Each structure stands twice: as structure tokens, then as C-alpha cells.
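Here are the chains, one letter per residue:
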Amino acid sequence: MSVYDYDQIRTTDIPIIVTTMQLGVGILTLPKIVAEIMGSSDGWLVILISGIVMLGIGALIGQVINRFPGQSLLSISNQLLGIWITRFIFLLLALIGLAYLAVVLRITGMLAKLYFFDLTPIEVLILIFALVIIYCVAGLRIAIMRICLLFLPIIIGILIIIFLFNLGHMRWDNLEPYFTADWRDIVRGTATALPSYNGIIIFLFYGYLAKTSPKIPRMIMIGTSVVITLYILVFIFSVGVLGLYTTINTIFPTIEMAKEAEVPGGFFERLQSIFFAVWMLAIFTSGVFALDISTMMLESIFQKVSKITWILSLAPIGYFLSMIPRNEVEILSMSSWAAIALFAVAIPLPIILLIADRVKRRTAHG
Amino acid sequence: MITIYRGRTVKVAIRVNGQQNQENFKRSLYSTVHENIDNIRKLLGSPTDLVTRKITIGPNGPACGLVFMEELVDMKLLNESVIQSIQGCSQTFHPHQSANEIFMQLRDTILPIAHLQNAFTLDDVVLKMLEGQTALFLDGTKQVLLLDTPGWKERNIEEAPSEKVVRGPRDGFIENIAVNLSLVRRKLMDPNLHVRSLTVGKRSRKKVIILYISGIARIELVDELERRISSIIVDTVPETGTIEQWIEDSFLSPFPQLQNTERPDRAVSGLVNGRAVILVDGTPFALIAPVTLSHHLKSQEDDYDRWPISSFLRILRHIAAIISIFLPALYIALIEYHHGLIPTKLAFSIAGTREGVPFPAFVEAYMMEFTMEILREAGIRLPTPIGQTIGIVGGLVIGEAAVQAGVVSPIMVIVVALTAISSFTMPSYAFASSLRLLRFSFMAAATVFGLYGIMLCFIAFSIHITNLHVLGIPYSAPLAPGTITDWKSMILRFPLTLMRRRTRLTEPQDKTRSRRRPTP
């Protein structure tokens, strides 16, 4: 029996949680994807524009949570959209979560093989990572939020270290020419960059844990602004340090950029391994969210089956899915398909919910 | 089995070791001294330390009997106050007074004992006698008077050996719960300091006290602690450790979920922050609840030193904790798997020193860490002044010899020494011990999966501390969930004049700790 009440997300913790939700695998490939489309350093503009769009979505998510405080997404959606539409959407989300889990597992395994072990089979590396994810998801949901709080300072810390130690390698002429993209590029680029902010939608699923406060939309937006800033910095540093050509032609330009950094004092060499080691924390939270949301969705559709049963049946599926792609290109395309699917299914959800709510209230009054 | 429990009489049921003895005594009180004494003697199995003394009141008056356990009472008090005053009072009675009247008179006017009470059942009489009280029987009445005359040998109040400070009060708790309570009361003369008393242990019947400040601590906390403690049914409670292990939230966790302390000032500082203190008779260790990870890295001295020094020491302690968990594991990971991460020059010098070493790095590390643990354990068993010295000297000698013999590399000795010294900086012994366990699990992870394993182990550790709740407070608080006002006293220690609010961790009712008196 507990004496104190600590099972809610505090309002001041929301920005940190929202930031952690969005940082994950995406930031590793973001500079490459954006630079590919834009062909110049103007990518930052695209990141900014798509970020601003997502700020709007964030505000809407906050409104949904405020409109139905303490209610799970299942009950909100059941009220507004009806049981069958809800079940359909939830099933889709569970599948997408599973795909995300597979992507996260595979990319972790791939990077671990690349930076740590060239001999250990990737299946083993993925397996233990998946076990830790299962351990986390099997725990409390609120504890997952706390893990975000614990990890974010470390994650942002390593990014800042990378930026600082790369300042010397930064060649500003790599960024030239400025503002050459025409509006078609910008539209296409924005469309590509938007799914990088997908993580924001995760908060909708955990909104029922948040303490009721009118500040929730603002807090979500603060968290997203931090992400926008980090994304823009990562892009500028990648292009500035590696050059446009290398950025486009490397799979993970962000890690490649970390490679260039030199720590004064010579205590660590090959900072990219350290960077990846720390970034595992961010990737881990993404994996946890993917599995947990899948579990949460299926748990709410089939309420007779216990949580642990779902976790233990979903995780192996994710594990086997992660073995399907044959090479890096296939992994990346799987990753971008998962992102697009999530963007198409989940991001409109707060908008649909708010419209349905408006319509329902109007009909109730009229 | 004696089933008086939680201070209330459940049922008179004294049973001594099986069935055959049960018929020897009766579960009732008699109206003659002789029968009562006989009965008690049978019940206790005629012990040699049971003393009975019969005194006749006046020339024709009734006889009264004093019954007590020899070493549990203060003989001087008994001789001078009780026996003398009974013998000297024979003139005050009328010859025709009834036994009950004499009894009342003895109680109300004659006996110069501060604390006395009536007893009506054999349970009461026997149990109180075993606590050091003296039973007074009187011919002609079934009433019994219990005189509070405890007195036994005790340790003096000394400095707490496990929590030494340079600056601060030097008194430490001792084995007597009454003295311990008085030590707390001396430091906290607050009428709101409330006490809840329990009895735990069906055979040892130890007195357990929950202390809290009403108006600061949440009453639910005290209720819950009382509920948990009163649900314990064990034979004996030799130490607070027994209570700790029975009432902690998760027995699987390596971390201590209640804080133990020998220092009254630490108990007081817990109390004023809305926490509760549990005292147990017979042990100098008190428990403070609830507790989180950050409490274990605080020393009581931090509050007494000036803030820059305290803050520096706290940062140092956090770094030491990190070193003592991660350093050997990092050594294994870097040497075994990731040579590339070590700067080239250092890598060469390490490789040079490791040239003659026949073992892989992890064997070397386990060997040295186990040696260190053995030395530490040996140091505790040896007499105090020699123990520490032997430990350190042994460590140096073994380390030096191992390097000379080419069994381990000098860098390994540095790693082990640094780890050991770091773990000695922990203010809480219980926490330092759990760090030792953690260190070995990190080493195992590093052995199998290098840096990847260390990170996964760290993640698992984070999952554990965020899932672990102590009475509803997450173990990772106040870091996660973030309570920014509590960060003033987490890694840093802000100037006292800026910490005007009590820590929000325990949700205190009275939130203000200090404020400036308004100048007139």
C-alpha cells in the first residue's frame, strides 16, 4: 500500500518527456534524408517549418488531454468515434508499433555490430536489447515516464559535447550557398521531415497519466521546440563538418559527425562509439514506447488478455520482424515506411478527435 | 505462547513449552501471597533469578510479597524506597483495616515510586516482571501492584562508530529504547513529537516506537508503518534489520529501502522533513522511512558545514559512487573489447604493462575485486584499531606482490584501489554494500558484452529504480519525477538561508522550514 501519490506526470516534467519521446533513431538519419531532398544546406529551413507544423499538432494533443483529463485514449476514442472505428485504429497502431519495434531493434543491432562487436552475431545483440525492453515494458507505465526524465540530461549532454568539440571542425563554407531552394523543394522536404517528429504523438497515449493543468499544451510545445533546435543543430553541424556530399552518402551522418569530434585532453578517442553508447538510451526509449503502445492498444481491444501475455507474445514477433530486412537499405526503407504509416494513422488522430468532439457537442446542444 | 500483542490483551493464554507443563500452574491470581508466588514460580519453571521477599505489615497485619527478577531491577531503589517504606509504615494502619484498604493506602500514600500501576491478570504481572518491574502481592486481595523499578547494566552513550563526523554532535543511540527516545526528545523539544508504541516478536516482545512530528509528517505514513510493523509475527526482533526486511516494499531489490542511522541528529533531521523514525529496544540503530536513492548519498555533516564545502563534498560523493560502480566494468570493457577507445599512447602503455599478465582482463579484475572484498571483510572481523590498517596494508602488499609476480597489471591495481576508496566515501554502509553488488553485475555485463553490456545494465538499473517504490515514493525521486525545489538539497547543497521550504518529497503538511524574522 502506498502512502504518497506519485502516479501522475507532473506538469513541469512534460517538456522533458515529450523531448525524449521524439529523440530516437530519427535524428541519426535526419541530416541525410533532408540533405538528399534539398541538395543544399537549406534543410534547416525545412526542419524548422515541419517543426512548427508539429508544434500545432502538439498543441492539439494537449487540448485533447485537457478536454478529457485522466481518461485513456480508449475511452476518449470510444466516446467520440465509436467502438469499431476505435478498434480498427488501435489495431493499425499496434501493428505500426510492432514495425517500429522491429526497426529499433534492427538498427540497434546493426549499430552495435558496427561500433562495438564485429564478430558477435547480430541476433544475440538484438536479443539482449529486446530483453531489457521487455523488462521495462513489464514494469509500470509511469516508470517509463520517469526513465525519460533520467535519460534526457545524459542524451542532451552527449549532443552538446559533440557540438562543442566539433566547433573547431566546422567549415562554414560547407553550408554555402544559402537560400537556394525553391518552394517545391521546400514542400517536398517538409513532407519528408515531418515524420521525424512522429514521437510527439506518443504523448497522446500517455496523456491520461498527466496531472490536470491548463499548461499541458504549452508544455508539449516547449518540449517540441527543444527537439526542433536539436534537429536544426544536428543538421547544420552534419553539413558543416562532413560537407553536403558526405552527409548524403553516409547512412548515419550524425554518428559520422560524432567521429570527427576530438576531446581535448585525449582521454577518449573515437567519440562515435561513446556517442552511440549514450544514444542507446534514446533508442531504447523509442523501443520501449513502440512495444508499450502496441501492448497498450491490444490490451485495450482485448481486455481479457493480461498485459504480460501481450508483451511476451508481441516482443518475439518484433524480434523476428527485425530479422526480415536483408541489408541497410531495406532497414531504412522499412523505417521510413513505418514512420509514414504512423504519420498517416496517428498524427491526424488528435485533429479527428477534436472535430468529433466539436460535432458531438454541437449536436448535443442543438 | 504469550499472545499479548500490540499492547492489547488478546486472550489470557500462557502456555509453556508443550502440554505437560500446562497443568502445573493456574491462569488466575489468588488472594494469598503464598499461592501467588508458588504459581508464578511454577509458571516460570523455578528460575534461579526469581527473587521473592515476604514482609509483614505491622505486628498483626497481612503479609505482602515482593516478586522480581534479580538482575532486571534496581536493587538499591528496591531496598531504600520500597522495602524500607513498607517496613516503616506499620503504625499508620488500623488493626481492623481490610486488605483492600491497606492496598490502596500502600499505593497512594506510602510507596515513593513514580510509576506504579494495578494489574489484574497473571499475563500482566508476569510480562511486566520480565520487563524489570516488581510485583507486590498482598494477602487478602487479588489485586497486584506493579512497581517500575528497572535497572540493568547498560553501555554509555558514545560516538556512533558507523557514522563518524568531524563536525556535529557526538552522541549516538544505545541499546536502551528509553534512552534513545530521550536523546531524540533532547534535540527536539516539540510537543508535536508524537510516539506510537508497539510490541513486536511473540517471544522477545520487543518494544518498537514510531516517532513522527504531527503537523509535518503525513499521518498516512505513520498509519501505514504501524500497519506493516504490527503485521509482523516473528519470534525475536534482535535488530531493526529484522523489521526493515519485513516491512520493505521489495525484497528483490539490492537497495536499502529504509535508512538506518545511529545518530540522533540524523533521526531528528528526518523527522523535521516529514519522515518517520522507527526505534527498536535493544539496538542502537534507528530506521528512517521513507528513503530514496539521493538520501543515501547525504552525510549529516553536510548540514553543518558551510554550503560551498558541503556542495563540493556531495558532488565528490556522487562521482565516487559512479566510479565505484562503473570503473572495473569499464576497465574490462575497454581492455577486452574496445581498445580503440583508449587513446593510442595510453593503449600502448597499458599493453606494455599487461605484457606478462597471463590472464584476460576480466579474470584479472574479478581476482582483484574478490581479493579486495575479502580484505574488507577481514578488516571488519579484526579488532577495530588494527582492522583498517591490516586491510590497507594487506591491500598494498598483495597488490604490489601481485604486480611483481606478473599476475595482474599495475593499472588493474590502480582501478581496484580507486574503486575501493571510492566506495568507502559512501556515508551509508548499507548503500555502499549494495553498490558492491551492483559493481559485480556491471562487471559481469562488461565481460560478456563490453560497453554495450554496461549500457544495457545501466538501463536495467534505471528501470529498477524507477519502478521501485518506497511507501509510494519512487526510489529515483527527486530526480524523476523531477521536483526542482528539492534539487536544492540533492547533488548540491544550497545555502541554508535559501532553503526555506521543507523537501516536497514527503509532502509535508507544514511546508515552511525557515524564514527571516521581519525586522521591526
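These numbers come from a predicted model, not from an experiment.

**What about the packing of helix α2 (residues 26–38) of chain A against helix α8 (residues 183–193) of chain A?**
Any two packed helices are characterised by the angle at which their axes cross and by the distance between the axes.
All names here are of chain A.
Link 1 in the chain: For the pair α2 and α8, interaxial distance at closest approach is 9 Å and the crossing angle is 160°. Judged by the inter-axis angle, α2 sits roughly antiparallel to α8. Seen from above, α2 lies across α8 with right-handed handedness. Where α2 approaches α8, its residues I33, V34, I37 and M38 are matched on the opposing element by D185, I186, R188, G189, T192 and A193.
Link 2 in the chain: Class assignment of the residues belonging to the contact of α2 with α8 gives a composition of six nonpolar, two polar and two charged.

**Points about a positive patch on the surface**
Link 1 in the chain: On the surface, K211 of chain A together with R501, R504 and K511 of chain B cluster together into a positively charged patch.
Link 2 in the chain: On the secondary structure map, K511 of chain B appears in the segment after β14 (473–474).

**Some points on the interface of chain A and chain B**
Interface extent is often summarised as the accessible area lost during association of the parts.
Link 1 in the chain: On the side of chain B, 44 residues touch chain A, which itself brings 43 residues to the contact.
Link 2 in the chain: For the pair chain A and chain B, the summed buried area comes to about 3,900 Å², and 70% of that belongs to carbon and sulfur atoms.
Link 3 in the chain: Counting the surface chain A buries against chain B, the share from its top three residues, V3, Y4 and Y6 of chain A, is 20%.
Link 4 in the chain: Where chain A packs against chain B, one counts zero salt bridges.

**A few points about the state of the cysteines**
Working definition of a disulfide: a covalent bond connecting the sulfur atoms of two cysteines.
Link 1 in the chain: Counted according to the given criterion, the structure contains zero disulfides over all chains.
Link 2 in the chain: Just so you know, C148 of chain A is unpaired, no disulfide at all, and the nearest cysteine sulfur is the one on C136 of chain A, 8.7 Å from it.

**Focus: the packing of aromatic side chains**
Link 1 in the chain: This model, assessed by the stated rule, comprises 24 aromatic pairs over all chains.
Link 2 in the chain: With centroids separated by 5.3 Å and ring planes inclined at 80°, the aromatic side chains of F117 of chain A and Y337 of chain B adopt a geometry described as edge-to-face. With F117 of chain A in the loop between α5 (83–115) and α6 (122–138) and Y337 of chain B in the loop between α9 (307–336) and α10 (344–353), this pair bridges two chains.
Link 3 in the chain: Among the residues examined, Y337 of chain B registers a relative accessible area of 29% and is labelled partly exposed.
Link 4 in the chain: When the centroid spacing of 5.5 Å and the interplanar angle of 35° are considered together, the rings of F255 of chain B and Y475 of chain B count as tilted.

**Points about the sheet that holds strand β10 (residues 259–261) of chain B**
Residue and element names in this part refer to chain B.
Link 1 in the chain: Read across the open sheet, the five strands follow the order β8-β9-β11-β12-β10; overall the sheet is antiparallel. Edge strands, defined here as strands with exactly one partner in the open sheet, are β8 (193–200) and β10. Taken pair by pair, the neighbouring strands of this sheet meet at an average axis angle of 25°, ignoring direction.
Link 2 in the chain: In the packing of helix α8 (residues 264–272) onto the sheet, the strands contacted are β8, β9 (206–213), β10, β11 (276–280) and β12 (286–289), and the crossing angle to β9 comes to about 50°.

**Thoughts on the side chain of T242 of chain B**
Link 1 in the chain: With respect to the helices and strands, T242 of chain B occurs in helix α7 (residues 240–247).
Link 2 in the chain: Apart from the residues lying within four places of it in its own chain, the contact partners of T242 of chain B are T236 and V237 of chain B.

**Some words on the confidence of the model for chain B**
Link 1 in the chain: Per-chain confidence: chain B averages 86 in pLDDT, with 95% of residues scoring 70 or above.
Link 2 in the chain: For residues 1–22 of chain B, every residue scores under 50 in pLDDT, and the model assigns this stretch 37 contacts once sequence neighbours within four places are set aside.

**What to know about the pattern of salt bridges**
Link 1 in the chain: Enumeration according to the criterion identifies 32 salt bridges over all chains in this entry.
Link 2 in the chain: Between E36 of chain A and K32 of chain A there is a salt bridge; the shortest N-O distance is 3.7 Å. With E36 of chain A and K32 of chain A both in helix α2, this residue pair falls four residues apart, about one helical turn.
Link 3 in the chain: Salt-bridge contacts for R141 of chain A lead to E299 of chain A; the nearest nitrogen and oxygen are separated by 3.2 Å. Highlighted residues: R141 of chain A in helix α7 (residues 141–166) and E299 of chain A in helix α13 (residues 271–301), separated in sequence by 158 residues.
Link 4 in the chain: What makes R141 of chain A buried here is its relative accessible area of 13%.
Link 5 in the chain: Within this structure, E224, R227, R228 and D249 of chain B form a network of salt bridges that share partners.

**Notes on the sheet that holds strand β3 (residues 50–56) of chain B**
All names here are of chain B.
Link 1 in the chain: The five strands are arranged β3-β4-β6-β7-β5 in an open sheet whose pairing can be described as antiparallel. Looking at which strands have only one partner, the edges of the open sheet turn out to be β3 and β5 (116–119). For this sheet, the mean angle separating the axes of adjacent strands, direction not counted, is 25°.
Link 2 in the chain: Of the strand pairs in this sheet, strand β4 (residues 63–69) and strand β6 (residues 133–138) are connected by four bridges, and their pairing is antiparallel. Opposite V67, over in β6, you have A135 as the bridge partner.
Link 3 in the chain: The strands touched by helix α1 (residues 33–44) within the sheet are β3, β4 and β6, with β3 carrying the most contacts at an inclination of about 180°.

Rules of the game
Residues numbered from 1 in each chain as written. Chains lettered and ligands numbered in written order. Predicted model: local features only at pLDDT ≥ 70, side-chain atom pairs only at ≥ 80, totals over all residues. Heavy atoms only, no water. Axes fitted to C-alpha atoms, helices over the stretch in contact; angles between N-to-C directions. Helix = DSSP H or I, 4+ residues; strand = E, 2+ residues; numbered from the N terminus. Parallel < 35°, antiparallel > 145°, perpendicular 65-115°, else oblique. Left-handed = near helix turned anticlockwise from the far one by under 90°. Contact = heavy atoms within 4.5 Å. Nonpolar A, V, L, I, M, F, W, Y, C, P; charged D, E, K, R; others polar. Patch = residues over 30% accessible without salt bridge, like charges linked within 9 Å, V, L, I, M, F, W, Y side chains within 5 Å. Areas by Shrake-Rupley, 256 points an atom, 1.4 Å probe, with all protein chains shown as cover. Salt bridge = Lys/Arg side-chain N within 4 Å of Asp/Glu carboxyl O. Lys, Arg positive; Asp, Glu negative; His and termini not counted. Charge placed at Lys NZ, Arg CZ, Asp CG, Glu CD. Buried area = accessible area lost by both parts, 1.4 Å probe. Disulfide = S-S within 2.5 Å. Phe/Tyr/Trp six-rings, centres within 6.5 Å; stacked < 30°, edge-to-face > 60°. Buried < 20%, exposed > 50% of the residue type's maximum accessible area, 1.4 Å probe, protein only. Pairing = 2+ DSSP bridges. pLDDT = per-residue confidence, 0-100.

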